[in-house]
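Working through the structure, step by step
So you can see what is in the structure, the chains are spelled out below.
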Amino acid sequence: MARHIALLICSLLAMAGCDPIDVDCTRRQDFNIVKDCCVYPTFRFDQFKSQCGKYMPVGAPRISPCLYECIFNKTNTVVDGAIHPDNARLMLEKLFGNQDFEEAYFNGLMGCSDSVQEMISNRRSRPQRKTEQCSPFSLFYGICAQRYVFNHCPSSSWSGTESCEMARLQNMNCSKPSRGSSHRL
């Protein structure tokens, strides 16, 4: 849908004799503006509390490589280094219970292998705590899928403001995302 809107905007401008939209790929997006573009569903991490609860401390942020690795492992979402489609769907059903977003996240996960490999090769090593020896692999899939969902947010959850449409055009036309990766998945 997002691509259709972007294509429609560009087509209308071309028919009107205007220059195509110039997307400034060097301009950093303001997280405070784009954070409300897509109303994301609440992640139901509690569905995995019995298996992965030790990575869900009360009052602490829930985004951690260990939590994502645990969820992906318990659901067998990654098999032999690749996303297993049926298991990914089951995991997403547990996490969301929202059909529109399940499909968007699923499509994101299925198209993320190249981006995840790039994130892994470009990551800076940082000292891990002795209690946290987890791979960022699953978390990188989550970050990549979240980016995809921003660009393909279901229309019922998309705000459609000019700022949001420009951010989406920038994400879809620029090689590197220019907004932070502080996303929920």
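Up top is the structure these notes are about.
The shown structure was predicted, so the numbers you read here are calculated from the model rather than taken from an experiment.

1. Describing helix α8 (residues 137–151)
The terminal C-alpha atoms of α8, which comprises 15 residues, lie 22 Å apart, in line with the 21 Å expected from a rise of 1.5 Å per residue. The buried fraction of α8 is high, at 13 of 15 residues.

2. A look at the side chain of serine 64
Note on placement: serine 64 falls in the loop between α3 (49–52) and α4 (65–74). For serine 64, a relative accessible area of 12% gives the class buried. At 3.0 Å, the side chain of serine 64 and the backbone nitrogen of leucine 67 are in polar contact.

3. Observations regarding the layout of surface pockets
The computed volume of the second largest pocket comes to approximately 190 Å³. In terms of lining residues, the second largest pocket is bounded by Val23, Asp24, Arg27, Arg28, Gln29, Asp30, Ile33, Val34, Ser163, Met166, Ala167 and Gln170. Those elements that place two or more of their residues in the lining of the second largest pocket are α2 (31–34) and α9 (162–173). No other element matches α9, which puts four residues into the lining of the second largest pocket. Here the residues of the lining of the second largest pocket sort into five nonpolar, three polar and four charged.

4. Examining the state of the cysteines
With the rule as written, the count across this model stands at six disulfides. Disulfide pairing is shown between cysteine 38 and cysteine 153; the S-S distance is 2.0 Å. Between cysteine 38 and cysteine 153, the disulfide has an S-S torsion of 80 degrees and is therefore right-handed. One end of the pair, cysteine 38, is in the loop between α2 and α3; the other, cysteine 153, is in the loop between α8 and α9, and 115 residues separate them in sequence. For cysteine 38, a relative accessible area of 2% puts it in the buried group. A sulfur-sulfur distance of 2.1 Å marks the disulfide that ties cysteine 112 to cysteine 144. Because the sign of the S-S torsion sets the handedness, a value of about -95 degrees for the bond joining cysteine 112 and cysteine 144 places this disulfide among the left-handed ones. Highlighted residues: cysteine 112 in the loop between α6 (99–110) and α7 (113–122) and cysteine 144 in helix α8, separated in sequence by 32 residues.

The rules behind the values
- Residues numbered from 1 in each chain as written.
- Predicted model: local features only at pLDDT ≥ 70, side-chain atom pairs only at ≥ 80, totals over all residues.
- Heavy atoms only, no water.
- Helix = DSSP H or I, 4+ residues; strand = E, 2+ residues; numbered from the N terminus.
- Expected span 1.5 Å × (residues − 1).
- Buried < 20%, exposed > 50% of the residue type's maximum accessible area, 1.4 Å probe, protein only.
- Polar contact = N/O pair within 3.5 Å; in protein donor to acceptor, adjacent residues only side chain to side chain.
- 1 Å grid on protein atoms, 1.4 Å probe; cavity = no way out; pocket = protein on both sides within 12 Å on 5 of 7 lines; lining within 4 Å.
- Points joined across faces, edges and corners; volume = space filled by probe spheres on them.
- Nonpolar A, V, L, I, M, F, W, Y, C, P; charged D, E, K, R; others polar.
- Disulfide = S-S within 2.5 Å.

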